[in-house]
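Analysis of the macromolecular model
Listed here are the chains, written in short residue letters.
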Amino acid sequence: MYQYNDDDQTLINERVTQYRGQTERYLKGDLGEDEFRALRLMNGLYVQTHAPMLRVAGPYGLLSSKQLRMLAHVARKYDKSYAHITTRQNIQFNWPDLKDVPDILADLASVQMHSIQTSGNCLRNTTTDHLAGVCTDEIEDPRPYCEIIRQWTILHPEFAYLPRKFKIAVSGSEQDRAATQLHDIGLHIVKNDQGELGFRVLVGGGLGRTPVIGKVIRPFLEKKHLLSYLEAIVRVYNLNGRRDNKYKARIKILVKESGIEQMTEWVEAEWQQIKEGMEVSDERIAEIQAHFTPPTYESDAEQDSSFAANQAQSAAFSTWVKYNTADHKIAGYRAAFVSLKAPDVAPGDVTDEQLDAIANLADQYSFGEARNTHRQNIVLADIKQADLFELWKKLDALSLATPNIGTATDMICCPGLDFCALANAGSIDIAKEINDALDNIDYLHDIGDLKINMSGCMNGCAHQSVGHIGILGVDKKGVEWYQLTLGGSSENEAALGERLGPALAKDQVTQAVSTILDVYLKQRLDEEAFLDTVKRVGVTPFKEAIY
Amino acid sequence: MKIIKDKQIIEDSWQHIADETELVDGDITVSLSRWQQQTTELANHKGNIGIRLAPADIVEDISKDLEKISLIALEFPAFTDGRSFTQARLLRSRYGFEGEVRAIGSYMPDQVFYLMRVGVNSFQLGSEKETETALSTMNDFTVKYQASTH
């Protein structure tokens, strides 16, 4: 993974000093509430219902074991001994003291971590495929480009006060696992007719109140123009994006109101002016790629016979392998998911002890690295098949081996009313209820691939509009209500879910989810997945069963 | 009123003339629309001329007049309006303006470092205290990633 050089380290150290000064001025009363708000947000610090919330950047999700241990330390020393993995592959702490944040940032800086631009109306943490570099359908590893983009975004002086937040995602594989069609800018590594690799550039996708699927603004961009093209898009947005209404300020609204043709014209004209001066050289790309060379895999990993034998002997292990591991480009290796979706914990939460343990497992089995996923789990990406049985036993002892990845209980869930100052409705308690209702693992596996996404307000942090089943909490006269959608997807065939009917009362939500699953089981043909059934039969049968 | 120019605190010689106010001799700034309406009259002005750009003003609209202008003041209606950052950058890198680029209006001392990096070289802040704070932030960072900016 990328290792900081002296300049990288100096920059984040100086950022800590700067933020310490800002915090001191605020606490002394020299910096107003609104001003400090903007400054702290650009350092990932929100003030929430109970306490501040600090969001630490997980650069495109990648973490070293050393960094995992530091996160455990921060959770223990400054928080209530747990952390939360977010849909932007970041890490959140829900209970730090505002005055401690400079110290937390100093601790994080000692392991090359920071919270720069994890919030605020600026360029946010770039995300990518959690299986980057190891998946079997990869065109090219996207992480070096993510790092190039990371460096371009960090403390970019021109784009720190944009109309609204700005999110970029990169995918390097056939199957889009980074939801690139639902980002302000989505980049997809593609091969052109000449066999050259470059980027398909999408713009104006996004979730939240007005979910929109991104549109192609350039079908093929040469790699050397990556940064100039991004700069052109963001500059056009900075100058033309709406600032009169924060709910209409994202670039998706600009694209919608001006039209993709006009947007393309603006961006291409701007790009022509700057492309020559901002080229990313082959040498520069190679230099960053050198940080992402594959680890030394064992060439005879596939010779092992214990893997098959253990699966034959242990049904539980075999089930875990089926659901919680993914194919790896090297024969004899698999990527293993650490499920943060055990039935009795809030989705995406992980304790300090678990973080320390995951760090140890990463060191022992996976070249000292781990990745956060946008579905709020952790991946150990390079596990030898001979080690999987032991890894499973250890994860199981840590309550991190619930075999539910990609199933109904692998829910994306925001912190909801319990923590978030923006939320209108609870989400964690509903997740718990659904979990209780689906506690039969065989039933869960029979249902199969299903993505339930649940947000406690219109801001849609949990991407409910692209959930196969989306649940959105709304407030009606002080009472929590829930709007259900069906058929959303953030993958290649990106789609926004269709509304099922009027919002449901809180005590009807779990029953409705069960009803939806029953209808699916009745309607499905052979091995048809949930999403395919919904596409084929439409929402009517589901609607009729619920209302 | 004291301002910061090229990292030094100096006494300001400029007067910002509102659109409805009569012109006075000396160094003055006027809005872009006034400049466009009274170009001939302003050509005979005794003193230096500066133009104030509001965030919605298009920088290209004054690109041909830049030789006649000694100062461009970027006016922040609110510190959250980031368009001035792009305006500064375009003035310097695209249109080659070498005169004074000044930030005025509602912005924070904490934005001064980024403003310097996009080419602003003078700062008129709300108070002496803010001016001192701004001056102290000017060396916050010794490294940067974006090669194409200052």
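Residues numbered from 1 in each chain as written. Chains lettered and ligands numbered in written order. Predicted model: local features only at pLDDT ≥ 70, side-chain atom pairs only at ≥ 80, totals over all residues.

1. Things to note about the interface of chain B and chain A
On the side of chain A, 26 residues touch chain B, which itself brings 23 residues to the contact. Breaking the side of chain B that touches chain A down by element, the ones donating at least two residues are helix H3 (83-94) and helix H4 (112-117) of chain B. Sort the elements by how many residues they give to the side of chain B that touches chain A and H3(B) lands first, with five residues. Taken together, the residues of the side of chain B that touches chain A break down into eight nonpolar, seven polar and eight charged. (Contact = placed C-beta atoms within 7 Å. Helix = DSSP H or I, 4+ residues; strand = E, 2+ residues; numbered from the N terminus. Nonpolar A, V, L, I, M, F, W, Y, C, P; charged D, E, K, R; others polar.)

2. Structural notes on the confidence of the model for chain B
Averaged over every residue, the pLDDT of chain B is 95; the share at 70 or more is 100%. Among the scores for the predicted complex, ipTM is 0.97 and pTM is 0.95. (pLDDT = per-residue confidence, 0-100.)

3. Here we look at helix H11 (residues 315-324) of chain A
All of the buried residues in H11(A) are A:Phe317, A:Trp320, A:Val321, A:Tyr323 and A:Asn324. Buried residues belonging to H11(A) abut helix H10 (306-313), strand S11 (325-327), strand S12 (333-338) and helix H13 (388-397) of chain A. (Buried ≥ 20, exposed ≤ 12 C-beta atoms within 10 Å, placed from the backbone.)

4. Re the domain arrangement of chain A
Residue and element names in this part refer to chain A. Domains assigned within chain A are domain 1 (6-109), domain 2 (134-291), domain 3 (301-397) and domain 4 (412-546). Using only C-alpha atoms to locate each centre, domain 1 and domain 4 end up separated by 32 Å. Counted by class, the side of domain 1 that touches domain 4 contains one nonpolar, five polar and no charged residues. (Domains from an automatic or database assignment.)

5. So, the sheet that holds strand S8 (residues 122-123) of chain B
Residue and element names in this part refer to chain B. Across the sheet, which stays open at both edges, the eight strands sit in the order S2-S1-S8-S7-S6-S5-S4-S3 with mixed pairing between neighbours. The open sheet has two edge strands with one neighbour each: strand S2 (8-11) and strand S3 (15-16). Bridge analysis of strand S1 (residues 2-5) against S2 gives four bridges, and the strand direction is antiparallel. Across the sheet, Ile3 pairs through a bridge with Ile10, a residue of S2. (Pairing = 2+ DSSP bridges.)

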